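Chain residues, written in single-letter form:
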Amino acid sequence: MSDWTPEAGTPPVSTPDEPVTEEPADEAPSFEPAEPTPLGVVRTPTGHAAVDSRLERLADADHLTAEGHIEVYEDVHRGLRADLTSLDTRPAAAPGPVPTPSQYTHHDNRS
């Protein structure tokens with residue numbers, strides 16, 4: 001390194017002990033978006049078929065550009081919400097005879 005500094009208004013000059021580096025003109029920076037690349041996120045099965053199928057759907061985002069991820073994420077979110085909501089519903093009553101009130105009501109009123 002050199003202690004030499006140019007006077008004000010003088011264009012910079014490289015000194016012999018400083019290497020001159022120039023970028024090749026043929027490797028101009030690209031402003032094109034990169035190709036989609038899988039993130040490699042491991043999806044561990046939960047043991048619940050409905051949830052596992054939703055998690056597997058997330059793998060579809062690996063092959064899409066970032067703009068396409070939103071559709072996949074919203075689809076998975078809707079499905080998981082539906083699955084969770086279904087857990088809150090009561091099961092339908094089993095079909096069977098409808099109980100009828102007894103024709104004879106017996107009250108035992110002893111005083």
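Details of the structure are given in the entry above.
My aim in this report is to walk through the structure given alongside it, one point at a time. Everything numeric in this text was worked out from a predicted model, so none of it was measured.

### Re the overall build of the protein
Helices and strands together make up the secondary structure of the protein, namely two helices and zero strands. By residue count, 10% of the 111 residues in the protein fall in the buried class. Within the protein, counting contacts between residues at least 6 apart in sequence, those at least 24 apart form 30% of the total. On the protein, roughly 10,700 Å² of surface is accessible, and the fraction owed to carbon and sulfur atoms is 57%.

### Some details on the pattern of salt bridges
Inspection of every chain in the model, using the stated rule, returns four salt bridges. R57 is the partner of D60 in a salt bridge, and the nearest nitrogen-oxygen pair spans 2.8 Å. A relative accessible area of 23% places R57 in the partly exposed class. Here D75 and R57 are joined by a salt bridge, their closest N and O atoms 2.7 Å apart. A residue pair is termed long-range when its members are at least 10 positions apart, and D75 in helix α2 (residues 66-88) and R57 in helix α1 (residues 49-57) qualify at 18 residues. Here the salt bridges share partners, and the residues they tie into one network are R57, D60, D75 and R78.

### Structural notes on α2
The end-to-end C-alpha distance of α2 is 34 Å, a good match for the 33 Å that 23 residues give at a rise of 1.5 Å each. By the burial criterion, the buried members of α2 are G68, H69, V72, V76, G79 and D83. Buried-residue contacts for α2 involve α1.

Calculation notes
- Residues numbered from 1 in each chain as written.
- Predicted model: local features only at pLDDT ≥ 70, side-chain atom pairs only at ≥ 80, totals over all residues.
- Heavy atoms only, no water.
- Helix = DSSP H or I, 4+ residues; strand = E, 2+ residues; numbered from the N terminus.
- Buried < 20%, exposed > 50% of the residue type's maximum accessible area, 1.4 Å probe, protein only.
- Contact = heavy atoms within 4.5 Å.
- Areas by Shrake-Rupley, 256 points an atom, 1.4 Å probe, with all protein chains shown as cover.
- Salt bridge = Lys/Arg side-chain N within 4 Å of Asp/Glu carboxyl O.
- Expected span 1.5 Å × (residues − 1).

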